[in-house]
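Read off the chains here:
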Amino acid sequence: MSAIEPRRAVHAFFMQRAVELARRGWYTTRPNPRVGCVITQGNVVRGEGWHERAGEGHAEVRALDDARARGNDPKGATVYVTLEPCSHSGRTPPCTQALIEAGVARVVIGAQDPNPSVNGQGIEALRAAGIEVVTGIMAETCAALNAGFNRRMTHGRPRVRVKLAMSLDGRTAAADGSSQWITGDVARDDVHRLRAESGAVLIGRGTLAADDPSLNVRLPGDWMPPLRVVLDSDLTMPAEARMLGVTGDTLVATASDDAARRRALESAGAEILTVARQDGGLDLAQVLAALAEREINDVLVEAGPTLAGALTRAGLVDEFVIYVAPMLIGDNGRALMALSGAVGLDDAQALVFDNIEPVGADLKITARPALSESE
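- Looking at an unreviewed UniProt entry, one finds the protein chain named Riboflavin biosynthesis protein RibD, with Salinisphaera hydrothermalis as its source organism.

This is the structure:
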């Protein structure tokens, strides 16, 4: 065993604690990334911190403050941080400068920050100041804390997660159209947690007409409401829609230039986004790009088979979250997704299962599109 391996094991031990701290900001940091930080001296924890919400102290600064509050001078310390420290001024000063001024000896980094304003510059700034920098410790785990943020920074669009609920035979509604409720209370609560961690919840006009949903987070406690996004090509959404009467913002994407309907919705509190038409609906990539400009990291799609299928065919889905109920609806029920064009198995959309777990009486399947060899 080399001398490096025990040291990397120590690094992983404290990085795991930093990951646990980062998760404390799971529902509150958006649009910023989730970050945790641990400060040690002689393998003893001297300070801890995590980023809680945008505009407030970053994890590194909070950990430095915590160390000093405990009576510990961070000079010469080792700092473990799940994401590369920022090197630019935004709502708060750069964390690299705070670490340099504190006189820390070493910074151990989990994931590199893909933000073009950082992306290696934080590492360079620390090394230029004579601080030892260790990178790549639990990199995948640390990157997974901010999958949506990373997608927005690298691809110019949010991470898209499509939530679906179905019977064991793949039906989302009975022949008479009834679908409430296929899944049980535990699964529905889990969906509300998905909403709470998302910057936006997106539906199509069909879902709005069928369910008139509120799309808010109905869990005990105080939750940041996601942006509600409705795709409505012809702007037929009624001004009396339920979601316009609850806390939070609603964005209606449309290709219609009907001024009267626009005024009615705007008077009811909605914001209107004009996008191009494409393939009989709206330009989905344009909608997602507009959401990225609003600093939306994660979009939860709670749509019917048409929109879910359109996003899948366009290659815009990053993850499927499918709740499976222990029931059989039959051949006349509504199918899970509208995916035309597949003739043989070679034409099928291949998926990779990431997780399968029970939620109450139901199953929750998390899957993602399988990458082709060219990707």
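Here's the deal with empty space enclosed by the protein
Thought 1: Counted by the stated rule, this structure contains two cavities of 30 Å³ or more.
Thought 2: Size it by volume and the largest cavity reaches roughly 100 Å³.
Thought 3: As for the largest cavity, its lining consists of 15 residues, and the residues nearest its centre are Arg30, Asn32, Arg34, Asn297 and Asp298.
Thought 4: A class-by-class count of the residues in the lining of the largest cavity yields five nonpolar, six polar and four charged.
Thought 5: Three or more residues apiece are contributed to the lining of the largest cavity by two domains, here domain 1 (3-145) and domain 2 (151-369).
Thought 6: Here the second largest cavity defines a volume of roughly 50 Å³.
Thought 7: Lining the second largest cavity we find Val160, Leu202, Leu231, Leu284, Val287, Leu288, Val299, Val301 and Leu311.
Thought 8: Looking at the lining of the second largest cavity, the elements that each hand over two or more residues are α10 (284-293) and β14 (298-301).
Thought 9: Grouping the amino acids of the lining of the second largest cavity by side-chain chemistry returns nine nonpolar, no polar and no charged.

Rules used in this analysis
Numbering of residues starts from 1 in each chain and follows the order in which that chain's sequence is written. Reporting of local features is limited, given that this is a predicted model, to residues whose pLDDT is at least 70; pairs of side-chain atoms are given and counted only at 80 or more, and all residues count toward the totals for whole chains, interfaces and linings. Side-chain numbers here rest on the full set of heavy atoms in the structure, without hydrogens or water. The pocket and cavity definitions rest on a 1 Å grid over protein atoms only: a 1.4 Å probe that fits but cannot leave marks a cavity, an open set with protein on both sides within 12 Å along at least five of seven lines marks a pocket, and residues lining either have an atom within 4 Å of a point. Grid points are joined across faces, edges and corners, and a volume is the space filled by probe spheres set on the points. Ten residues, namely Ala, Val, Leu, Ile, Met, Phe, Trp, Tyr, Cys and Pro, are considered nonpolar, four, namely Asp, Glu, Lys and Arg, are considered charged, and the remaining ones, Gly among them, are considered polar. The domain boundaries here were taken from an automatic or database domain assignment. Counting from the N terminus, the helices are DSSP H or I runs at least four residues long and the strands are E runs at least two residues long.

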